[in-house]
Every structure is written in C-alpha cells, then in structure tokens.
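These are the residues of each chain, in order.
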Amino acid sequence: MMSRDSVKIRGSADTSYLHQTIDKMIWEFMEKEQIPGLTLAIVQAPYIPRVVGYGLSDEQQRRLASPNTLWPIGPISQAFTAVAVMQLYEAGKLDINDPLGRYIADLPPAWQNITVPQLLRHASGIADYRRHENWKPFREWTFTELISLAAEEDLHFNPGSDVELSATNFLLLTEIIEAASGQTYHDFVTEKQIDFLGLQHTGFTEDLAKFKQEDLTQSANVHQVFKQNKLFIDPTETAASYDEKGTAVQNICSSALKGFADIWASAQDVSYWDIALAGSVLIHEAENRSLIYAPWTLPDGRQVPAVAGWHFYHHRGLMDIKGSVPGYSAFLSRFTDASELVCVTLLCNKEGIDFTNLGRRIAAAFGDLLATNYNDNNLFLYEGQFPAEETVKRLEDELKRRNIPLFAKFDHAENARQVGLELRPTTVMVFGSPSVGTALMQADQSVSLELPLKIAVWEDEAGSTWLAFPWLSKLAGEYSLSDSSVINKMQYLLEDLVRRAGSIY
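Residues numbered from 1 in each chain as written. Predicted model: local features only at pLDDT ≥ 70, side-chain atom pairs only at ≥ 80, totals over all residues. Heavy atoms only, no water.

Attention now goes to the overall build of the protein chain. Helix and strand content of the protein chain: 14 helices and 20 strands. For a compact globule of 505 residues, the expected C-alpha radius of gyration is about 23 Å, and the protein chain comes in at 24 Å, within 12% of that figure. Based on the C-alpha atoms only, the size of the protein chain along its principal axes is roughly 65 × 60 × 50 Å. Long-range pairs, those at least 24 residues apart, make up 67% of the contacts in the protein chain between residues at least 6 apart in sequence. For the protein chain, the exposed surface amounts to about 22,600 Å²; the carbon and sulfur share of it is 51%. (Helix = DSSP H or I, 4+ residues; strand = E, 2+ residues; numbered from the N terminus. Rg over C-alpha atoms; globule rule 2.2 N^0.38 Å. Contact = heavy atoms within 4.5 Å. Areas by Shrake-Rupley, 256 points an atom, 1.4 Å probe, with all protein chains shown as cover.)

Shown next as structure tokens:
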C-alpha cells in the first residue's frame, strides 16, 4: 500500500495525485483512448470548484469542449427518472408497491404484477428491447412499438429474483410517471428537476433546437457572431461525434431510449443536479432516498449493489452511474460520506469509454481519503462491487465465456492458512493466449518474464474488493517493442475483464 508523509485534506490547493496533475491524467487518458473532447466537473459540496473542457467538442467545426458544452449523458438519465418516481411517491400520487397493471393497460399477463421497485432495480425479468434485431436508436418510436419488441421474449426470470439491465424497465417507468402525474414525462422532469433547479444547459434531444449556436460552416469554422451579439459570448454548444470515416453520428431520438438515456446536459449542470441529490432538495425524506441510493437484498439472500443504474461500493458512500450511447460516454461518481462530499463528472464524444479508473484517480487529487491507497501509476485498479470470492468466480466465468485458457489460480489466503498464518482474501489468476504472447516474444524473448497475463483480486482492510494488473503500456518502452498494437489490445482485454468481473451491469 502507498504511504504518505502528510494527509491531503479538503481545501488543499494541491490537486495532483501521485505527482500527476489532473490535466496530465486527462491528457494521457484522452491520448490512449483517442477521445476528441471531454468536459470535467468536480463537486466539493456545496461548491463546484472546477469545470474545465479539454479538446474539441466538435472536431470538424473546431468547437472547443467547454463548461457550457451539452453532451448526451446516456444512462445517467435513469437517475432523473428515479427521482421523478420518488417525487410522485412523496406527493401521494404514486404507490410504489402498486402493480404495473394499475397504471398501464394492455401489457402481457406476466408483466401485470411487476412493481415499481422491481423496475427501478432492473429486477423485473423483462427483456431489453435494445437487444431486438429490429431496434434502431436513430428513429422515433412509440411506447407500444418498443413494448412489442420486448414482449416477444418470455420473462428472463421471476420478477424480483435476479437483476438484468433493461431499458424496457425505465420505459415502463416513464409511462407510470405520465399516468400518475397527468403530464408527459418530458414536461414532468423539466418542471420538477430541470426548471426547478434552474439548469440552463440541460434538456432532452427534442429541446436542443432552443440552444442557439452559430453555424460555423459559414465562416470557415471560426466564431464571428460573438463580436456583434453578446448572447454568443461563451457559447452554449452541443457536442458532435464522428465515426472512423468522418461521418457525423446521429443524435439518438428521445423516444428510442425514453427514461433510460434521453437527456443532454453540461457537466456543470450534472454537478449542480448532483448536489441537489445530497439532501432533501429533490427527494425530501431520507428513507425514500435510500430506496434508490443503497444496496438491497434478493429473496435468496444475495445483496445487490445497484439500483436505477447506480453502482454501489464498499467504500463508504461511494456510488457511480455510467455508460454510453452511440458516439458518447458519460460518468458520474459520488463520494457521499460527510467527510468527503466529492463528485466527479466526465462527459466525452466517444462511445465505449469507462471512466471508472480515471475518475477514482481524479477524486484522489482532492483528498487522500478518496484514493485507492495503492500505486495507481503502476497498477490499473478497479474497485469491485462483490466480495472477493464471488469476484474470482465471476472472473473465471468470464475467461471461460471467452475461451481464454486459465493456466493457474493462486489462492494466497488458503496457502497462508496451511502454514498457520492469516491473510485477507487474495487470489491471482494467470491466463492468456499463446498466439498473442508468442507475437510479443518473437519481438523480444525477454518479455516472457511478463507473461502469461495476470489479474489479482483481493479484499483490503476496509472490506473493499480490488481487481488489479500492471499497466501494460509500459512494456512497449521497457522492452523496446516498436509495435505496441498487441500490447494495447492486451491492455483493453484486461480492462474489460476486470469490469465484467467487478461490475453488476
């Protein structure tokens, strides 16, 4: 574990971590992931002391990522839906224990008695319409059309007995919200959250036209209107994403991911809304907030560290919500313990980006209590959501699913017990593909010392589970490997493995 001569506390002007500035962390991450533009916002409640843009929010029009840039916040939208449900519950307009059939007609019989908590917890068993071959994100959909896609499959499990992420759950919640409120989902969320909090840079896809921005194609991609019109000083602009051929990625229609991933916002607005979650501003009663901001237990005794898209961790009060839509990725982590109150928002115009590791390192720059307590410069670290033993089993299953040979499993805790010593759960998994490793050794046989690949899983003294492996990017330099493409693929494989093993969604 890392040791420090002094403990960085709230209010420190030093916002570096392990001798790396936040700017350096982000720049290196953007280089590695080839991210064109990104906005970061930091909360130290009740303050938002840092909001900064990096790179380009629109590569072709050369627009800069800025505090005012609007990005699709993807699955973070689920959290807005969950807040709306609890607001109606507190207003006495919705009983969360009522069955679906009370609010929505013409549903499949097997869905009729599914409850609101089961939808919020992704515990309904209803299929995800996004998995249907006919679903497309770039067209308008009706509620009935999407429900018909999901209804083609039987329930994946008995409602309340397991967990499986499904956009259909949150589509159904939006319909319940409309039935209980007498308003459209769009209008209810706009009134009770967006307008109520005064969020000037937040809206649904259909609202984007109200954010006036200059057409830079008319001026060689150089801003001009701000010289005559003060409204275009420090402009609010929507981000753009492009595919590998340079074709613009279409904006997803709100109706295609209604209630699940249909909101655009600036990182600063996400942070402001996030602060409102901390107390009774949006959801008044603590017991109601705990229904969507705390783990829960299945009938068979398994604890589920997730609700409404949120992931919960053993670290006190830590939760995050994240994911992608075509062209974009989003991340929000919250350290909600009273001694910490730090939140990190990261939004960018490339899909498939997991900011969890970077977000933890950025948070650590604002206080040592938020750090992993290990050497993040040498190790890729990921805090898992499950006990160590279950995490090892999940990792084994994932390797088997991918047909990756497991060469050895070293249970160091069991080895310690056999010689009369005690050690918290600590396991190292050794695995790999000879076809991949051989290519590296053909270039430099000494790299054999680094192979096969390894992932360690352990439980720390606070009870948190960690998955870790050495950063493979250093191998290219240390072993003079001119072609690092294989190493990059191995790095991404290991990152994906630890996410799959350590995360419920």
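Here we take up the nonpolar core. The biggest cluster of nonpolar side chains holds 91 residues, and the ones touching the most others in it are Leu172, Trp273 and Trp310. Listed in part, the 30 residues of the second largest apolar core include Met25, Leu40, Phe331 and Leu358. (Core = buried A, V, L, I, M, F, W, Y, C linked by side-chain atoms within 4.5 Å. Buried < 20%, exposed > 50% of the residue type's maximum accessible area, 1.4 Å probe, protein only.)

Moving on, we come to unusual backbone geometry. Of all residues except glycine, most have a negative phi; of all peptide bonds, most are trans. Following Ala45, the chain continues into Pro46 via a peptide bond in cis, with omega recorded as 5°. Along the chain, Pro46 falls in the loop between strand E3 (37-44) and strand E4 (47-58). A cis amide bond links Leu451 to the next residue, Pro452, at an omega of -5°. Even without being a glycine, Asn403 presents a positive backbone phi close to 60°. Residue classification places Asn403 among the exposed residues on the basis of a relative accessible area of 68%.

Now for the sheet that holds E4. Pairing within the open sheet is antiparallel, and its eight strands lie in the order E5-E4-E3-E15-E14-E13-E12-E11. Every interior strand has two partners, whereas the edge strands, strand E5 (63-64) and strand E11 (306-307), have only one. (Pairing = 2+ DSSP bridges.)

Now for the packing of helix H10 (residues 388-401) against helix H14 (residues 485-502). Following both chains from N to C, one finds H10 and H14 inclined at 130°, their axes separated by 8 Å at the closest point. As far as their axial angle goes, H14 and H10 are oblique. Considering only the axes of H10 and H14, their crossing is right-handed. Contact residues: Thr391, Arg394, Leu395, Glu398 and Leu399 in H10; Leu497, Arg500 and Ala501 in H14. By residue class, the composition of the contact of H10 with H14 is four nonpolar, one polar and three charged. (Axes fitted to C-alpha atoms, helices over the stretch in contact; angles between N-to-C directions. Parallel < 35°, antiparallel > 145°, perpendicular 65-115°, else oblique. Left-handed = near helix turned anticlockwise from the far one by under 90°. Nonpolar A, V, L, I, M, F, W, Y, C, P; charged D, E, K, R; others polar.)

Here we take up the sheet that holds strand E7 (residues 202-204). In sheet architecture, strand pairing relies on hydrogen bonds along the backbone and comes in two forms, parallel and antiparallel. One open sheet accounts for three strands, arranged E6-E8-E7; its pairing is antiparallel. Across the chains shown, the open sheet's two edge strands, defined by having one partner strand only, are strand E6 (71-72) and E7. Two strands pair when backbone bridges link them, and E6 and strand E8 (residues 263-265) are joined in this way by two bridges, in the antiparallel orientation. When the sheet's bridge partners are listed, Trp71 is paired in E8 with Ala265.

What follows covers a negative patch on the surface. A cluster of acidic residues, Glu133, Glu152, Glu153, Asp154 and Glu164, forms a negative patch at the surface. For Glu152, the position within the fold is in the loop between helix H4 (143-151) and helix H5 (167-181). For Glu152, a relative accessible area of 57% translates into the label exposed. (Patch = residues over 30% accessible without salt bridge, like charges linked within 9 Å, V, L, I, M, F, W, Y side chains within 5 Å. Salt bridge = Lys/Arg side-chain N within 4 Å of Asp/Glu carboxyl O. Lys, Arg positive; Asp, Glu negative; His and termini not counted. Charge placed at Lys NZ, Arg CZ, Asp CG, Glu CD.)

For the rest of this paragraph, the subject is helix H7 (residues 267-277). One turn of the α-helix equals 3.6 residues, which is why residues spaced by three or four share an orientation. Within H7, nine of the 11 residues are buried, which leaves it mostly tucked inside the rest of the structure. The complete set of buried residues in H7 reads Ala267, Asp269, Val270, Ser271, Trp273, Asp274, Ile275, Ala276 and Leu277.

Before going further, it helps to spend a moment on the pattern of salt bridges. Counted according to the given criterion, the structure contains 27 salt bridges. Asp162 is the partner of Arg302 in a salt bridge, and the nearest nitrogen-oxygen pair spans 3.7 Å. Highlighted residues: Arg302 in the loop between strand E9 (296-297) and strand E10 (303-304) and Asp162 in the loop between H4 and H5, separated in sequence by 140 residues. Note on Asp162: relative accessible area 28%, which makes it partly exposed. A single salt-bridge network, built from bridges that share partners, covers Lys32, Glu33, Asp354, Glu495 and Arg499.

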